[in-house]
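The primary structure of each chain is shown beneath.
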Amino acid sequence: MTEKTPSDAVDYSATLFLPQTDFPMRGGLPKKEPELLERWARIGLREQLREAGRGRPRFVLHDGPPYANGNIHIGHALNKILKDVVTRSQQMLGFDSNYVPGWDCHGLPIEWKIEEENYRKKGKAKPDFSDSAAMIAFRQECRAYAEHWLNEQRTEFKRLGVEGDWDHPYTTMSFLGEAQIAREIIKFAENGLLYRGSKPVMWSVVEKTALAEAEVEYHDHQSDTVWVKFPVKTSRIALLEDIVPGRTTDPMNDALEKASVVIWTTTPWTMPGNRAISFSKRISYGLYEVTEAPADNWSKVGDTLILADKLAEDVFKAARILKYDGYKVGEVRGYKRIADVPADVLANLTTAHPLAGLGYTFKVPLLEGDHVTDDAGTGFVHTAPGHGREDFEIWTQHRRWLEERGINPAIPYTVDADSFYTAQAPGFEGRRVITEKGEKGDANQAVIDALVAAGNLLARGRLKHQYPHSWRSKKPVIFRNTPQWFIAMDQDIRNPDGTAAPRPATLAGNDPDTLRARALAGIKTVQWVPEVGENRITGMIASRPDWVVSRQRAWGVPIAVFVREKGDGEVEILKDAAVNARIAEAFAAEGADAWYQDGARDRFLGDRAAEGWAKVDDILDVWFDSGSTHAFTLEVRP
């Protein structure tokens, strides 16, 4: 048999009847794609598209801006390519579809990079922002950094083949952009929605600024935990009659008079800020007596404690009182339940602060709250309105009730921007919650030692749990009461002269004319694809609290208003069209740096400079920047 040679093999490719084309066998895209981009530029593709679209109905895709602080990634690519498909297809469908790219350029991530690269790595001190020259120099460093990455990203986006007006993008740091953002916040000042309030916000000690929810992530964290006794101060006769109607004397009377409400917290440092205890009418509570305890225990024989029944055993285990009589009459081995404590009794209780001996001599009321559960802790929630959102809400909801009972509803500023206790935390001033490096300070231990000395610490421990951290510094944040600027969601919208603003046609007759009502009504005028998107955004707007728009940083558009203190913690905002016009004109010509120049106050106030108005130097949340971009792309841009 003759063996075939390779030359005798059949060339099957010759048997395939394929079209003859100039397409190469390989795509060679790394080489071909730049050639395509060069050809589009050579033939003026963009100009041809704009000329073809002239006079047609407009299709506008207002693109949310990416952040100018690094190379693009796959998420950027997916976003831009999908939007390119939309804008090109709308052009083909007969619209004038002009895509205008943009960039978000202000904010903490850029500041953080400048501080890291230009200062910390070089061992240089951070600039003193109270010095106008230092402030402006730092802002210019931030501007140069953002400009560098804007140009890098623009090149990378163009390399993806995305067609747009790349030579004329919108940016939040352009002078015209900063001027328009300032005009937008001034609108909120003029219509009465901008206000300065006192509210606990998530605060980064490392970055020295308030953080929005979107800037927080959760990581494992080990916290000190304490079970703390709040001694009851209610009248013995009133208390006993509430529990057992008609009885004013009873062996149980002394136990009730000496009882303590027990709370559990993972933040002992917030105890100086405590002003109330929260409970729930859905929880069953009991009065318990300690009948046996180790000699060195913080809890002593005879102590009477009010606890949620479901959690009592866990509390006594933590307090090293492990035995229980099992509700058997006469059998006393560790602790026993004496009586029910109904919710209506709790509502009429007041207690002493556990640190009363250090100057916390006010009454601590019990407030009913839906956020209280018996899943963990004691069934009671330590309520420090300056250190938690729910604490703040329940305290402010009861403001009138508190005033009627002679309880001061003011919320203290117990912790400053560097997390040091202030003079409003007597006994602890100068102690620190978190260091400038994000590490645990000495505040927790100082408070725990004081509770032990006062005889009001029942137990302590440690807990590993999820705790909020800054997504930039990766360090723990704290809730602290701060003066911040807010946009009200439920305040009636007014004209600058205080009269009611014209109602938009989208509002129903009985709807209040508020920002929330306008937003919810506007949502209904939009076609949502898919439809479930409408439910999602409606739920977000319906439950959104007032928006914290202030940041205590340097690189951003300032909250360009002037205020005058009223003396009660509130401020009056200057509403003067001439002053506001000078601000906007200066920003458009010089950028927002004009706000920080020497003499800026007198320059903008003009003949009102002698009236005691103060300049606000906080900057705006970058989400306000990006949320304002419609104004200088759709309203100002032709």
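Worth saying up front: this structure is predicted, and the values here are computed from it rather than measured.

Draft legend 1. Representation of helix H1 (residues 29-43) within the structure. Compared with an ideal rise of 1.5 Å per residue, which puts 15 residues at 21 Å, H1 spans 20 Å between its outermost C-alpha atoms and is within 8% of the ideal. Gly44 lies just past H1 and shows a positive phi near 65°.

Draft legend 2. Inspection of unusual backbone geometry at higher detail. With an omega of -5°, the peptide bond running from Val529 to Pro530 counts as cis. Looking at the element boundaries, Pro530 is found in the loop between helix H14 (515-523) and helix H15 (532-543). Positive phi, normally seen in glycine, also occurs at Ser419, with a value near 70°. Looking at where Ser419 falls in the secondary structure, it is placed in the loop between helix H12 (399-404) and helix H13 (443-454). The backbone of Lys474 shows a phi angle near 65°, a positive value even though the residue is not glycine. Position of Lys474 among the secondary structure elements: in the loop between strand S16 (457-470) and strand S17 (478-487). Note on Lys474: relative accessible area 44%, which makes it partly exposed.

Draft legend 3. Region of interest: the pairing of strand S5 (residues 194-204). The element S5 is extensively covered by neighbouring structure, given that 8 of its 11 residues are classed as buried. Here S5 runs beside S17; their pairing, made up of 10 bridges, is antiparallel. Each bridged residue has a counterpart across the sheet, and for Met202 the counterpart in S17 is Phe479. Bridge analysis of S5 against strand S6 (residues 209-211) gives 3 bridges, and the strand direction is antiparallel. By the bridge assignment, Trp203 is partnered in S6 with Ala210. With antiparallel pairing between neighbouring strands as the criterion, S5 and S6 make up a hairpin whose turn holds 4 residues, including Lys208 at a positive phi of roughly 55°.

Draft legend 4. Quick peek at the environment of Lys524. Along the polypeptide, Lys524 turns up in the loop between H14 and H15. Assessed through its relative accessible area of 63%, Lys524 is described here as exposed. For Lys524 and Thr506, which are 18 residues apart along the polypeptide, the C-alpha to C-alpha distance reads 8.7 Å.

Draft legend 5. Representation of the environment of Ala134 in the model. Within the secondary structure, Ala134 is located in helix H5 (residues 132-159). Under the relative-accessibility criterion, Ala134 is labelled buried at 19%. For Ala134 and Asp511, which are 377 residues apart along the polypeptide, the C-alpha to C-alpha distance reads 49 Å. Beyond its immediate chain neighbours, meaning those up to four positions away, Ala134 contacts Pro127 and Asp128.

Draft legend 6. Structural detail: the sheet that holds strand S13 (residues 350-352). If you walk across this open sheet you meet the 4 strands as S13-S14-S9-S15, and the pairing is mixed. Looking along the sheet, the strands with just one partner apiece sit at the ends: S13 and strand S15 (381-383). Strand after strand, the sheet turns through a mean of 35° between neighbouring axes, direction not considered. Examined bridge by bridge, strand S9 (residues 276-279) and strand S14 (residues 363-368) share 3 bridges and lie parallel to one another. From the neighbouring strand, Ser278 faces S14, where its bridge partner is Leu367. With respect to the sheet, helix H11 (residues 389-397) is in contact with S9, S14 and S15, its orientation differing from that of S14 by roughly 95°.

Draft legend 7. Structural view of the confidence of the model for the protein chain. Per-residue pLDDT for the protein chain has a mean of 86; in total, 92% of the residues score no lower than 70. Least confident of the elements in the protein chain is helix H7 (residues 236-243), whose mean pLDDT is 49; most confident is helix H16 (residues 577-590), at 97. Scored below 50 in pLDDT, residues 324-332 shows 11 contacts in the model against residues more than four places distant or in partner chains.

Draft legend 8. Structural view of the packing of H14 against H15. Contact geometry of H14 with H15 gives a least axis separation of 10 Å together with a crossing angle of 175°. Between H14 and H15, the angle is such that the two are roughly antiparallel. Of the residues in H15, those in contact with Arg516, Ala519, Leu520 and Ile523 of H14 are Glu534, Ile537, Thr538, Ile541, Ala542 and Ser543. Considered class by class, the residues forming the contact of H14 with H15 number 6 nonpolar, 2 polar and 2 charged.

Draft legend 9. Expanded view of the pattern of salt bridges. According to the stated counting rule, one finds 38 salt bridges in the structure shown. For Lys32, the salt bridge goes to Glu35, with nearest N and O atoms at 3.4 Å. Residue Lys32 and its partner Glu35 are both found in helix H1; the two are separated by 3 residues, about one turn of the helix. Arg120 is the partner of Glu115 in a salt bridge, and the nearest nitrogen-oxygen pair spans 3.3 Å. Through salt bridges with shared partners, one network takes in Glu111, Glu115, Arg120, Lys126 and Arg553.

Draft legend 10. Quick look at the side chain of Thr414. Inspection of the secondary structure assignment puts Thr414 in the loop between H12 and H13. Looking at Thr414, its side chain comes within polar contact range of the side chain of His387, at 2.8 Å. With near-sequence residues (within four places) excluded, Thr414 lies in contact with Pro272, Gly273, His387, Phe420, Tyr421, Thr422, Gln424 and Ala425.

Draft legend 11. A look at the side chain of Thr265. By the secondary structure assignment, Thr265 is in strand S8 (residues 260-265). Looking at Thr265, its side chain comes within polar contact range of the main-chain nitrogen of Thr267, at 3.0 Å.

Draft legend 12. Seen up close, the nonpolar core. The biggest cluster of nonpolar side chains holds 65 residues, and the ones touching the most others in it are Ile185, Leu194, Trp485, Phe562 and Phe587. A total of 9 residues in this core trace back to one element, the largest contributor, which is H5. Per-domain counts for this core show at least three residues from each of domain 1 (30-173) and domain 2 (188-201 + 484-634). If we skip the residues at most four places from it in the chain, Ile185 touches Leu194, Ile487, Ile559, Ala560, Leu620 and Phe624. Phe230, Ala259, Leu311 and Ile434 belong to the second-largest nonpolar core, a separate cluster that totals 48 residues.

Definitions and cut-offs
Residues numbered from 1 in each chain as written. Predicted model: local features only at pLDDT ≥ 70, side-chain atom pairs only at ≥ 80, totals over all residues. Heavy atoms only, no water. Helix = DSSP H or I, 4+ residues; strand = E, 2+ residues; numbered from the N terminus. Expected span 1.5 Å × (residues − 1). Buried < 20%, exposed > 50% of the residue type's maximum accessible area, 1.4 Å probe, protein only. Pairing = 2+ DSSP bridges. Contact = heavy atoms within 4.5 Å. Axes fitted to C-alpha atoms, helices over the stretch in contact; angles between N-to-C directions. pLDDT = per-residue confidence, 0-100. Parallel < 35°, antiparallel > 145°, perpendicular 65-115°, else oblique. Nonpolar A, V, L, I, M, F, W, Y, C, P; charged D, E, K, R; others polar. Salt bridge = Lys/Arg side-chain N within 4 Å of Asp/Glu carboxyl O. Polar contact = N/O pair within 3.5 Å; in protein donor to acceptor, adjacent residues only side chain to side chain. Core = buried A, V, L, I, M, F, W, Y, C linked by side-chain atoms within 4.5 Å. Domains from an automatic or database assignment.

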